[in-house]
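Single-letter residue listing:
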Amino acid sequence: MHPKGSPWSVWRWHDGTDWLPDWYVNLERPWARTAIGFDYQDWTLDVIASTDAHGSWSVRYKDEDELAFYTSRGHWSEAMQSTIEGAGRDATRTALARAFPFDADWSQWVPDPSWDASELPTHWPLLR
């Protein structure tokens, strides 16, 4: 789920019975529409928001060490690291406030089990 213009998207996993408790927040350049879909750039740092059995939220960061490493090697500038960390704070505030999409009822977002997986077009360039 990608809120339009946002520097992050929310990923959820379903185990075939129910949604798992983690909400994976991928920090990324806002999506840009292309002729074949959308382009984005992963920003290394991620946010994991979780609910426990009582509905309490916890939030933690993932890959802070990688972000520091990439910045130290010049892959990300210090200004870009600051932008990425700001996006993480924004996503954290949104999750803790239980604002959209963290307030959505995901129980309705389950595909019909009879549906087949989509096939990629034959001309699609696959990474191998």
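Everything that follows concerns the structure shown earlier in this document.
Peer 1: Sorry if this is basic, but what is going on with the overall build of the protein here?
Peer 2: Regarding its fold elements, the protein presents 2 helices and 6 strands. Traced from its N-terminal end to its C-terminal end, the protein shows the element sequence β-β-β-β-β-β-α-α. When the backbone C-alpha atoms are referred to their principal axes, the protein occupies close to 50 × 50 × 25 Å. Going through the 128 residues of the protein one by one, you find that 30% of them count as buried. In the protein, once contacts between residues fewer than 6 apart in sequence are set aside, the share between residues at least 24 apart is 44%. Charge-centre separation for the protein: the mean point of 11 positive side chains lies 6 Å from the mean point of 20 negative side chains.

Peer 1: Would you mind showing me how to read helix α2 (residues 78-96) here?
Peer 2: Three or four residues apart is the spacing at which side chains of an α-helix point the same way, because the helix has 3.6 residues per turn. Compared with the 27 Å implied by 1.5 Å per residue over 19 residues, the 27 Å span of α2 between its first and last C-alpha is a close match. All of the buried residues in α2 are Q81, I84, A87, G88, A91, T92, T94 and A95. An end-on view of α2 places all buried positions within 165 degrees of arc, on one side of the element. With respect to the buried face of α2, the exposed residues turned more than 90 degrees away are E78, A79 and R93. Along its buried surface, α2 packs onto β1 (8-11), β2 (22-28), β5 (42-51), β6 (57-62) and α1 (64-72).

Peer 1: Is there a simple way to explain the pattern of salt bridges in this structure?
Peer 2: When the charged atoms of two side chains with opposite charge come close together, those side chains can pair. Inspection of the entire model under this criterion finds 1 salt bridge. A salt bridge links K62 to D63, with the nearest nitrogen and oxygen atoms 2.9 Å apart. K62 gets classed as partly exposed once you look at its relative accessible area, which sits at 31%.

Peer 1: Would you mind going over unusual backbone geometry with me for this structure?
Peer 2: Of all residues except glycine, most have a negative phi; of all peptide bonds, most are trans. Residue P101 is reached from F100 by a cis peptide bond, and omega for that bond is 10 degrees. One can find P101 in the segment after α2. Not every positive phi belongs to a glycine, and T44 is a case in point at roughly 75 degrees. A relative accessible area of 9% places T44 in the buried class. Look at D63: it is not a glycine, yet its phi comes out positive at around 75 degrees. Looking at the element boundaries, D63 is found in the loop between β6 and α1. In this structure D63 comes out as buried when scored by relative accessible area, which is 17%.

Peer 1: Is there a simple way to think about the pairing of β2 in this case?
Peer 2: Side chains on a regular strand alternate between the two faces of the sheet. Of all 7 residues in β2, 6 are buried, a share of seventy percent or more. Note: β1 against β2, 4 bridges, orientation antiparallel. Paired with S9 across the bridge in β2 is N26. Relative to β5, β2 runs antiparallel, the two sharing 6 bridges. Bridging across to β5, D22 finds its partner in S50.

What counts as what
Residues numbered from 1 in each chain as written. Predicted model: local features only at pLDDT ≥ 70, side-chain atom pairs only at ≥ 80, totals over all residues. Heavy atoms only, no water. Helix = DSSP H or I, 4+ residues; strand = E, 2+ residues; numbered from the N terminus. Buried < 20%, exposed > 50% of the residue type's maximum accessible area, 1.4 Å probe, protein only. Contact = heavy atoms within 4.5 Å. Lys, Arg positive; Asp, Glu negative; His and termini not counted. Charge placed at Lys NZ, Arg CZ, Asp CG, Glu CD. Expected span 1.5 Å × (residues − 1). Arc of directions from axis to C-beta. Salt bridge = Lys/Arg side-chain N within 4 Å of Asp/Glu carboxyl O. Pairing = 2+ DSSP bridges.

Keep in mind these values describe shape, not function.
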